[in-house]
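Residues per chain are reported as follows:
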Amino acid sequence: MAAKWSWRFGAFFVATIFFGLLGWVVLDLQQSREREIASAERLGGTLSTLLEGHFLASVRQIDQHLLDFSTRLRGAVLERQPRAQVEAELRRYQAAFPEVHSFRVADARGNYLYDASGTLAAVNIGDRDYFVRLRSEADAGLVISEPIVSRVTGDVVIVFARRIDDAAGNFAGIVLATLRADYFEHYYQGLDLGRSGIVALWSRDMALFARWPQLPSQQGLRLLDSPIPARLAAGEPAGAFRRQARLDGEARIFSYRQVADQPFVFTVGFAEADVLAEWQRRAAINGVLGLVLLAALLALLRAWSRGYREAEALAARMTRAFEEKSREARALLDSIPDPAWLLDNDGRFLAVNEAFCRYLQRPMDQVVGSTVDILFPPDEARRLRDGQLAVYRKGAPVRQLVWLQLQGSLRPFEFLRVPVYGDAGEARGLAGVAWDMSERFEAEERQRLITHFFDHASDAVLILDRDRQVLTVNRAVTEISGYTLDELKGRLPRFFVDSFEEPATLAAIIATLETQGRWQGELRAMRKDGSLLPIECLINAIRNDGGDIVNWSVFVTDLSERKAAEARIESLTHFDQLTALPNRLGFSRLIDEWLAGGRRGMLLLIDLDDQLSRINDAFGHAAGDAVLRRMAVRLSRSLGDGDALGRLGGDQFGVLVAGEDGRGCPEVFIRKLLENLARPIAVEGSDVVFSASAGICRLFDDGDEVATLLRNADAALHHTRDSGQSSFRFFSADMNQRLAERLRLESDLRGALARGELELHYQPQVDLGSGEIVGFESLLRWRHPELGMVSPACFIPIAEESRLILPIGAWVLEEACRQNKAWLDAGMPPKVMAVNLSAIQFHGADIVALVREVLERTGLPASWLELEITESVIVEDPERVVKLMEALKAIGVGMSIDDFGTGYSSLSYLKRFPIDKIKIDRAFVRDLETSANDAAIVRMVIGIAAELEHKVIAEGVESEGQLAFLRNHRCDEYQGFYCSPAVPAAAIPALVAARQR
């Protein structure tokens with residue numbers, strides 16, 4: 001009875017131990033499984049945070065290029081400079097950031113103007129959301145699109161764009177850069193996330209942009225059932241979850257993070273199979289060990305039960321027990337999930353398990369009895385034999401790491417070999433087991449890559465403990481601050497900024513971190529050498545599964561280059577680089593500050609009177625620049641301490657004079673200012689005298705806005721042109737009215753030619769000897785539909801200033817030649833047609849080619865065309881004028897000087913230029929009968945012309961007395977009201993016929 005109770009107690013004891021161990025193993029496996037999943041979530045959260053930093057660094061680098069381009073080359077874009085010049089600059093930006101697919105520039109309508117690729121696509125982006133936003137929001141800054149399909153390449157891209165404004169601040173176009181998904185996918189490719197891990201970049205509404213491994217078929221498509229949008233809407237910018245991926249069906253552990261201030265989300269997913277691979281192996285081993293333990297316990301129970309069997313069956317039971325032990329040993333060997341084996345002393349395999357055969361990809365009967373020399377390549381066999389011998393030499397278990405080429409790949413295995421001894425203590429062989437270390441090596445490689453990413457991130461990164469003391473930093477922290485990890489570890493990083501930031505500012509940051517767990521902004525920090533370090537900080541709390549803060553991550557960006565670039569941009573934007581004075585934009589800001597402060601005074605716009613262009617032509621632009629700097633110094637020295645000076649462009653300066661009442665008489669001050677500018681200045685060894693004009697308006701009296709004051713001062717300056725050089729005018733209300741009328745005339749004149757409002761009248765030129773009409777002067781007339789006949793004295797100066805005289809003059813030349821040819825074809829005796837050429841026509845166009853083409857089109861013989869030029873044409877670049885006149889004479893046309901005697905050095909040009917006829921100006925003919933001086937001038941001109949064999953024609957003849965004087969002194973021809981005023985072409989035939997009778 002005691003033996004029976006002993007057996008029962010033994011059975012109960014064994015069962016208790018077995019089930020206790022089984023429960024402990026199950027609990028441990030469950031907890032370790034959750035730890036593996038939590039570790040994967042934390043690793044994914046850390047990796048998504050680092051990916052966010054990389055994305056924002058890329059955004060800042062692209063934005064710096066776009067901002068630099070929109071500042072430096074805005075003028076080139078607005079002026080539509082040649083593509084080769086601007087696209088060369090775009091390629092320079094692309095060379096600095098080659099991952100950008102292209103830099104492009106589009107105009108205000110969305111059509112591409114420039115492309116770094118050199119190929120301009122004929123597409124329009126005016127309907128794109130980023131373009132519409134930049135066009136409607138002047139202060140939009142950098143705008144980043146969601147993933148879109150490029151109309152140029154057809155790829156899915158992200159567009160980074162900035163607005164370009166003209167000088168008035170109006171929208172003039174955009175400059176943009178595009179990133180394709182392969183830029184990010186190439187970067188993600190280097191992150192080892194396991195065999196089935198993924199990393200992806202999505203838009204906020206979960207449209208896929210970039211993914212590794214790649215899924216081109218899903219790029220740009222939305223993931224409709226993702227839980228991320230709902231979490232973002234609930235205020236969870238980062239988190240983790242587990243689910244089966246819809247795109248490929250793989251069960252994964254996902255971590256996500258929204259990019260700060262951008263509509264993008266990163267997701268990192270680790271396959272549950274990869275994350276739990278080590279746990280599954282441990283579970284399998286524990287299961288095998290449990291089976292072994294169970295088998296051992298059953299064997300023990302079986303051994304105990306043998307005492308209750310009959311003695312006659314003892315031998316049979318022992319035999320069966322031995323056979324059962326053999327089967328158990330075989331089952332034990334096969335139940336081990338990793339390769340296991342037994343070797344004899346000759347190195348032959350006595351037994352192997354199924355896992356060994358599976359890895360070797362050979363059946364068991366080919367393995368048992370073989371050696372490593374037969375089963376493995378020579379190099380691997382040599383390493384395996386060395387490991388076996390090491391066990392015999394040591395006489396103890398030996399571990400060895402061996403790389404073997406198995407199942408199509410090179411895999412690392414950890415070998416554990418144990419010597420097997422006989423009953424007498426002799427070595428009988430070896431027992432071994434090998435663990436496939438591929439997954440552990442892959443995990444270590446992932447950790448190495450993450451560490452490498454941390455150390456080599458472009459942004460400085462600090463990891464703090466929960467009390468915000470430094471735990472570790474990357475290299476970038478030392479590079480930008482000078483502090484090493486040893487100097488920072490265990491310290492609060494606020495000592496960086498204590499020297500430059502107010503305590504209240506730092507207290508507000510701490511309060512924000514305590515309540516929100518996140519802060520981003522710019523700070524002024526201190527380098528180790530004590531210098532200022534402008535930085536941008538992004539501080540985020542890192543929480544555990546319970547939501548408690550365990551660490552803080554701090555991303556720091558060095559803003560030194562950006563701040564320096566902003567300072568350079570400020571200088572380029574608001575200061576003239578030649579004189580270091582405020583430019584038009586900077587000067588306008590000064591005016592605005594005066595107005596905002598209620599300061600009274602005068603605004604002067606000062607123009608140098610056209611001498612600067614002559615200095616540039618005669619001595620070069622370097623001399624002209626030197627003159628402008630000297631003039632700026634003179635103006636500066638003439639002003640008081642409270643005054644302001646700026647260069648508004650070209651040879652125009654702006655002056656703000658404070659408190660005109662305190663200066664006494666403003667007119668005296670302005671006159672002294674202009675006289676100071678008129679003092680001689682030495683240029684290349686010559687003294688040059690400049691004159692200047694000024695337009696003045698009073699702050700608040702003549703306007704209380706910058707644009708109004710500048711416009712009124714410019715109107716006053718414009719009216720000084722009628723007052724001669726070194727003059728000035730104060731603004732009056734009627735000036736704008738006269739300017740408006742002039743602008744209206746200019747606007748109407750631009751379309752007058754196309755509308756047929758311009759016409760030619762012809763004034764006869766009469767031979768004084770015979771009284772016969774020998775030619776006509778064509779005179780331009782403008783019949784305005786509302787104003788009627790507009791005087792040439794009103795619209796001809798406007799045409800010349802606006803350069804409309806070029807197309808109008810070409811029309812006059814062709815119409816006059818056409819009309820003269822029509823008269824010839826109608827049978828009228830041949831007459832000379834005189835056509836006036838302005839200085840702008842003569843110097844601003846290929847006049848020789850124009851005359852030749854007009855004569856060819858109209859068919860008029862060149863001998864019946866005479867071109868009239870004024871002395872102002874001759875005195876401007878005389879050598880070139882001589883060549884042009886000789887070329888015109890070679891065609892066969894006649895040349896005459898109009899308004900002779902009213903210009904400079906008139907007589908000196910008579911002998912140099914190929915002139916056929918001299919016209920005496922009407923100013924001398926008008927008072928011919930009453931002014932002895934005018935009569936003397938006319939006699940002198942006729943005499944000189946006779947000596948030089950030039951014909952003379954007097955214009956403005958209106959009386960018989962004038963005609964008699966000219967006839968007595970052998971003048972050749974005349975024109976004027978005495979014969980006929982200028983009349984339309986239809987009246988000419990009758991006039992000629994009447995003269996012939």
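Bear in mind that the values here come from a model prediction, so they are computed numbers and not experimental data.

J.: Could you give an account of the overall build of the chain, naming the residues involved and the relevant values?
T.: Broken down by element type, the chain carries 35 helices and 38 strands. The 997 residues of the chain split such that 46% are buried. Restricting to contacts in the chain with at least 6 residues of sequence separation, those with at least 24 account for 58%. With the model as given, the accessible surface of the chain reaches about 48,700 Å², and the carbon-plus-sulfur share is 53%.

J.: Can you tell me about the packing of aromatic side chains, naming the residues and giving the values?
T.: In the structure shown here, the tally under the stated rule is 16 aromatic pairs. Among the aromatic residues, those joined into a cluster by ring pairs are Trp341, Phe349, Phe356 and Phe415. If you follow Arg92 out to its NZ or CZ, it ends over the ring of Tyr93, 4.8 Å from the centre. Between the NZ or CZ atom of Arg104 and the centre of the ring of Tyr112, over which it lies, the distance is 5.6 Å.

J.: Tell me what's going on with a nonpolar patch on the surface, and back it up with residues and numbers.
T.: Residues Phe19, Leu22 and Val26 make up a contiguous nonpolar surface patch of about 300 Å² in total accessible area. Note that Val26 resides in helix α1 (residues 2-72).

J.: Just give me the short version of the confidence of the model for the chain, but keep the residues and values in it.
T.: Taken as a whole, the chain shows an average pLDDT of 81; of its residues, 88% reach a score of 70 or greater. When pLDDT is averaged over each element of the chain, strand β32 (residues 832-836) comes out on top at 93 and helix α9 (residues 314-335) at the bottom at 54. Taken as a whole, residues 310-316 scores under 50 in pLDDT and shows one contact with residues more than four places along the chain or in a different chain.

J.: Talk me through unusual backbone geometry; I want residue IDs and the actual numbers.
T.: Although it is not a glycine, Arg80 sits at a positive phi angle of roughly 55°. With respect to the secondary-structure elements, Arg80 resides in the loop between α2 (74-78) and α3 (83-96). Of note, the phi angle at Gln361 is positive, near 60°, even though the residue is not glycine. Looking at where Gln361 falls in the secondary structure, it is placed in the loop between α10 (354-360) and α11 (364-367).

J.: Before we move on, could you go through the packing of helix α19 (residues 584-596) against helix α23 (residues 706-719) and cite the residues and values that matter?
T.: Following both chains from N to C, one finds α19 and α23 inclined at 115°, their axes separated by 9 Å at the closest point. By the angle class used here, α19 and α23 are roughly perpendicular. As for how α19 packs across α23, the hand of that crossing is right-handed. Only Val706, Leu709 and Leu710 of α23 make contact with α19, whose side of the interface consists of Arg584, Ser588, Ile591, Asp592 and Leu595.

J.: Break down the packing of helix α28 (residues 847-858) against helix α30 (residues 878-891) for me, with residues and values.
T.: It is at 9 Å that the axes of α28 and α30 come closest, and there the two elements cross at 15°. Between α28 and α30, the crossing angle belongs to the class labelled roughly parallel. Relative to α30, the crossing made by α28 is right-handed. Across the interface between the two elements, Ile847, Val848, Val851, Arg852 and Leu855 of α28 pack against Leu884, Ala887, Leu888 and Ile891 of α30. Of the residues assigned to the contact of α28 with α30, the class counts are eight nonpolar, no polar and one charged.

J.: Hey, could you go over the sheet that holds strand β17 (residues 460-465) for me, with residue numbers and the actual values?
T.: One open sheet accounts for five strands, arranged β18-β17-β21-β20-β19; its pairing is antiparallel. Looking at which strands have only one partner, the edges of the open sheet turn out to be β18 (470-473) and β19 (518-526). For this sheet, the mean angle separating the axes of adjacent strands, direction not counted, is 25°. In this structure, β17 lies alongside β18, joined through three bridges in antiparallel fashion. What sits directly across from Ile463, in β18, is Thr472. Of the strands in this sheet, β19, β20 (532-543) and β21 (549-558) touch helix α17 (residues 503-516), which is tilted by about 155° from β19.

J.: Account for the pairing of strand β5 (residues 156-165), with residues named and values stated.
T.: Regular strands have side chains that alternate between both faces of the sheet. With respect to burial, β5 is a largely interior element, nine of its 10 residues being buried. In this sheet, β5 lies alongside strand β4 (residues 148-149) in antiparallel orientation, the contact comprising two bridges. Paired with Val149 across the bridge in β5 is Val156. Counted between consecutive antiparallel strands, the loop separating β4 from β5 contains six residues, among which Gly154 sits at a positive phi close to 80°. Direction of pairing for β5 relative to strand β6 (residues 171-180): antiparallel, over a ladder of nine bridges. Looking at the pairing, Ile164 lines up with Gly173 of β6.

J.: How would you sum up the sheet that holds strand β10 (residues 251-258)? Please name residues and give values.
T.: Pairing in this open sheet of five strands is antiparallel, and the strands run β8-β7-β11-β10-β9 from one edge to the other. Both edges of this open sheet fall to β8 (208-212) and β9 (238-244), since each of them pairs with a single strand only. Strand-to-strand, the axes of this sheet are offset by a mean angle of 20°, without reference to chain direction. Where β10 lies against strand β11 (residues 264-271), seven bridges are found, and the strand directions are antiparallel. Its bridge partner being in β11, Gln258 is matched across the sheet by Val265. Those strands touched by helix α5 (residues 181-189) are β7 (198-203), β8 and β11, and its axis lies near 25° from that of β8.

J.: Help me get a handle on helix α22 (residues 666-677), residues and values and all.
T.: Its 12 residues place the ends of α22 17 Å apart at the C-alpha level, agreeing with the 16 Å of an ideal helix rising 1.5 Å per residue. Those residues of α22 not exposed but buried are Pro666, Phe669, Ile670, Leu673, Leu674, Asn676 and Leu677. In a view along the axis of α22, the buried residues occupy a sector of 160°, so they form one face of it.

J.: An account of the pattern of salt bridges is needed here, citing residue identities and associated values.
T.: Scanning the entire structure with this criterion turns up 31 salt bridges. A salt bridge links Glu89 to Arg72; the nearest nitrogen and oxygen atoms lie 2.7 Å apart. Taken together, the residues Glu89 in helix α3 and Arg72 in helix α1 connect sequence positions 17 residues apart. When its relative accessible area of 36% is taken as the criterion, Arg72 is described as partly exposed. Across the salt bridge formed by Asp436 and Arg411, the nearest N and O atoms sit 2.8 Å from each other. Remark: Arg411 occurs in strand β15 (residues 409-421) and Asp436 occurs in strand β16 (residues 427-436); sequence separation between them is 25 residues.

J.: An account of helix α26 (residues 805-825) is requested, with residue identities and associated values reported.
T.: A rise of 1.5 Å per residue sets the reference length of α26, with its 21 residues, at 30 Å; its end C-alpha atoms lie 29 Å apart and thus fit the reference within 8%. Among the residues of α26, those classed as buried are Ile805, Ile808, Gly809, Val812, Leu813, Ala816, Cys817, Gln819, Asn820 and Trp823. Relative to the axis of α26, the buried residues are bounded by an arc of 165° and lie together on one face. Count one or two residues on from α26 and you reach Gly827, which has phi positive near 100°.

J.: Quick one: what's the story with the side chain of Thr49, residue by residue and with numbers?
T.: Tracing the sequence through the fold places Thr49 in helix α1. Look at Thr49 and you get buried, because its relative accessible area is 12%.

J.: Account for the pairing of strand β30 (residues 773-784), naming residues and giving values.
T.: Summarising burial for β30: 10 of the 12 residues are buried, a large majority. The antiparallel hairpin formed by strand β29 (residues 758-767) and β30 contains five residues in its connecting segment, where Gly771 sits at a positive phi of about 75°. Where β30 meets β32, three bridges bridge the pair, whose relative direction is parallel. For Phe776, the partnering residue across the bridge sits in β32 and is Met833. Taken together, the three bridges between β30 and strand β31 (residues 788-790) define a ladder with antiparallel strand orientation. When the sheet's bridge partners are listed, Arg783 is paired in β31 with Met789. Connecting β30 to the next strand, β31, in antiparallel fashion are three residues.

Parameters and conventions
- Residues numbered from 1 in each chain as written.
- Predicted model: local features only at pLDDT ≥ 70, side-chain atom pairs only at ≥ 80, totals over all residues.
- Heavy atoms only, no water.
- Helix = DSSP H or I, 4+ residues; strand = E, 2+ residues; numbered from the N terminus.
- Buried < 20%, exposed > 50% of the residue type's maximum accessible area, 1.4 Å probe, protein only.
- Contact = heavy atoms within 4.5 Å.
- Areas by Shrake-Rupley, 256 points an atom, 1.4 Å probe, with all protein chains shown as cover.
- Phe/Tyr/Trp six-rings, centres within 6.5 Å; stacked < 30°, edge-to-face > 60°.
- Lys NZ or Arg CZ within 6 Å of the ring centre and 35° of its normal.
- Patch = residues over 30% accessible without salt bridge, like charges linked within 9 Å, V, L, I, M, F, W, Y side chains within 5 Å.
- Salt bridge = Lys/Arg side-chain N within 4 Å of Asp/Glu carboxyl O.
- pLDDT = per-residue confidence, 0-100.
- Axes fitted to C-alpha atoms, helices over the stretch in contact; angles between N-to-C directions.
- Parallel < 35°, antiparallel > 145°, perpendicular 65-115°, else oblique.
- Left-handed = near helix turned anticlockwise from the far one by under 90°.
- Nonpolar A, V, L, I, M, F, W, Y, C, P; charged D, E, K, R; others polar.
- Pairing = 2+ DSSP bridges.
- Expected span 1.5 Å × (residues − 1).
- Arc of directions from axis to C-beta.

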